[in-house]
Amino acid sequence: MPKLFTKNLNLNLPDADVRYYPNFLGAKNADSYFTIFRKSIVWQQDDIKVFGKVHPQPRLTALYSSNNKPYSYSNITMHPKAFGPELLQLKEKIEGLAQCEFTTCLLNLYRNGRDSNGWHADDEKELGQNPIIASVSLGAERFFHLKHNTRPNKLKLLLEHGSLLLMKGETQHFWKHQIPKTARDIGERINLTFRIIK
């Protein structure tokens, strides 16, 4: 069986190392993973504080890991559950490509176009100096925005069903990213972001 993930797009961004693998899983495997994760993942909705006001986070989340280490971001501390077999299977597939061993997966469930993720960098202390983030998209396609912290460089990329986005090197130090809201009538999207928490 041919390897689906050999074709990739190097986004050639300054101060960054970002690669996009549009057909990382293939449609059949992506469909299967979406169905399994939608039913088996224990989803939660935390409150976040924005400009002094508390709001429900505009998406559902879950945290799984191999080392039981918590993960904190935006004044939220999440405590992980243990990886299940399908998450481990997907993790190992990505590790073969990324040449590293991930400890943790933060999952996001975008229920419709109103669910979003605002501008941020994955630069939390737990992730280390030059964190590597492997982001798998399942379900509805959503636009992913990148903008440089000091340069005028911006990018808009459509994340496809079954795709993988790999961000490493200095990317998180110089760039922010988001999944903006959309008025389009779209279905659910599951995003799995594998990372290393030591």
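Our structure is the block above this text.
Residues numbered from 1 in each chain as written. Predicted model: local features only at pLDDT ≥ 70, side-chain atom pairs only at ≥ 80, totals over all residues. Heavy atoms only, no water.

Visitor: Describe the overall build of the protein chain, naming the residues involved and giving the relevant values.
Guide: Looking only at helices and strands, one finds three helices and 16 strands in the protein chain. For 198 residues, the compact-globule estimate of 2.2 N^0.38 gives 16 Å, and the protein chain sits close to it at 16 Å. If one aligns the C-alpha atoms of the protein chain with their principal axes, the spans along those axes are about 55 × 40 × 40 Å. Classification of the 198 residues of the protein chain by burial places 47% in the buried group. Looking at the protein chain alone, contacts between residues at least 24 apart form 72% of all its contacts between residues at least 6 apart. Here the protein chain has roughly 10100 Å² of accessible surface; of this, 50% comes from carbon and sulfur atoms. Charge centroids of the protein chain, computed over 28 positive and 19 negative side chains, lie 3 Å from each other. (Helix = DSSP H or I, 4+ residues; strand = E, 2+ residues; numbered from the N terminus. Rg over C-alpha atoms; globule rule 2.2 N^0.38 Å. Buried < 20%, exposed > 50% of the residue type's maximum accessible area, 1.4 Å probe, protein only. Contact = heavy atoms within 4.5 Å. Areas by Shrake-Rupley, 256 points an atom, 1.4 Å probe, with all protein chains shown as cover. Lys, Arg positive; Asp, Glu negative; His and termini not counted. Charge placed at Lys NZ, Arg CZ, Asp CG, Glu CD.)

Visitor: Summarise helix α1 (residues 27-40); cite the residues concerned and give the values.
Guide: For α1, with 14 residues, the first-to-last C-alpha span of 20 Å sits near the 20 Å given by 1.5 Å per residue. Of the positions making up α1, those classed as buried are Ala30, Tyr33, Phe34 and Phe37. The buried residues of α1 occupy one face: seen down the axis, they fall within an arc of 105 degrees. Of the residues in α1, the exposed ones pointing more than 90 degrees away from the buried face are Lys28 and Lys39. At its buried positions, α1 is contacted by α2 (85-98), β11 (133-139) and β16 (189-195). (Expected span 1.5 Å × (residues − 1). Arc of directions from axis to C-beta.)

Visitor: How would you summarise the nonpolar core if you had to cite specific residues and measurements?
Guide: Formed by 32 residues in total, the largest nonpolar core has its most connected members in Leu87, Leu90, Leu138, Leu192 and Phe194. Among the elements of the structure, α1, β5 (60-65), α2, β9 (104-110), β11, β14 (163-168) and β16 are those that each provide at least two residues to this core. The leading source of residues in this core is α2, at five residues. Filtering out sequence-adjacent residues up to four positions away, phenylalanine 194 remains in contact with Phe83, Leu87, Leu90, Lys91, Ile94, Phe102, Thr104, Cys105, Ile132, Ile133 and Ala134. (Core = buried A, V, L, I, M, F, W, Y, C linked by side-chain atoms within 4.5 Å.)

Visitor: Outline empty space enclosed by the protein, supporting the account with residue identities and numerical values.
Guide: Inspection of every chain in the model, using the stated rule, returns one cavity of 30 Å³ or more. Considered as a void within the structure, the largest cavity measures approximately 40 Å³ in volume. Lining the largest cavity are Val42, Gln44, Ala62, Leu63, Tyr64, His79 and Lys81. Residues of the lining of the largest cavity, tallied by class, amount to four nonpolar, two polar and one charged. (1 Å grid on protein atoms, 1.4 Å probe; cavity = no way out; pocket = protein on both sides within 12 Å on 5 of 7 lines; lining within 4 Å. Points joined across faces, edges and corners; volume = space filled by probe spheres on them. Nonpolar A, V, L, I, M, F, W, Y, C, P; charged D, E, K, R; others polar.)

Visitor: Outline the sheet that holds β5, supporting the account with residue identities and numerical values.
Guide: Taken in spatial order, the eight strands make up an open sheet running β1-β2-β14-β11-β16-β9-β5-β8, and their pairing is mixed. Both edges of this open sheet fall to β1 (9-10) and β8 (81-82), since each of them pairs with a single strand only. Against the sheet, α2 engages β2 (17-21), β5, β9, β11, β14 and β16, with an angle of about 60 degrees to β16. (Pairing = 2+ DSSP bridges. Axes fitted to C-alpha atoms, helices over the stretch in contact; angles between N-to-C directions.)

None of the figures reported here should be taken as evidence of function without further support.
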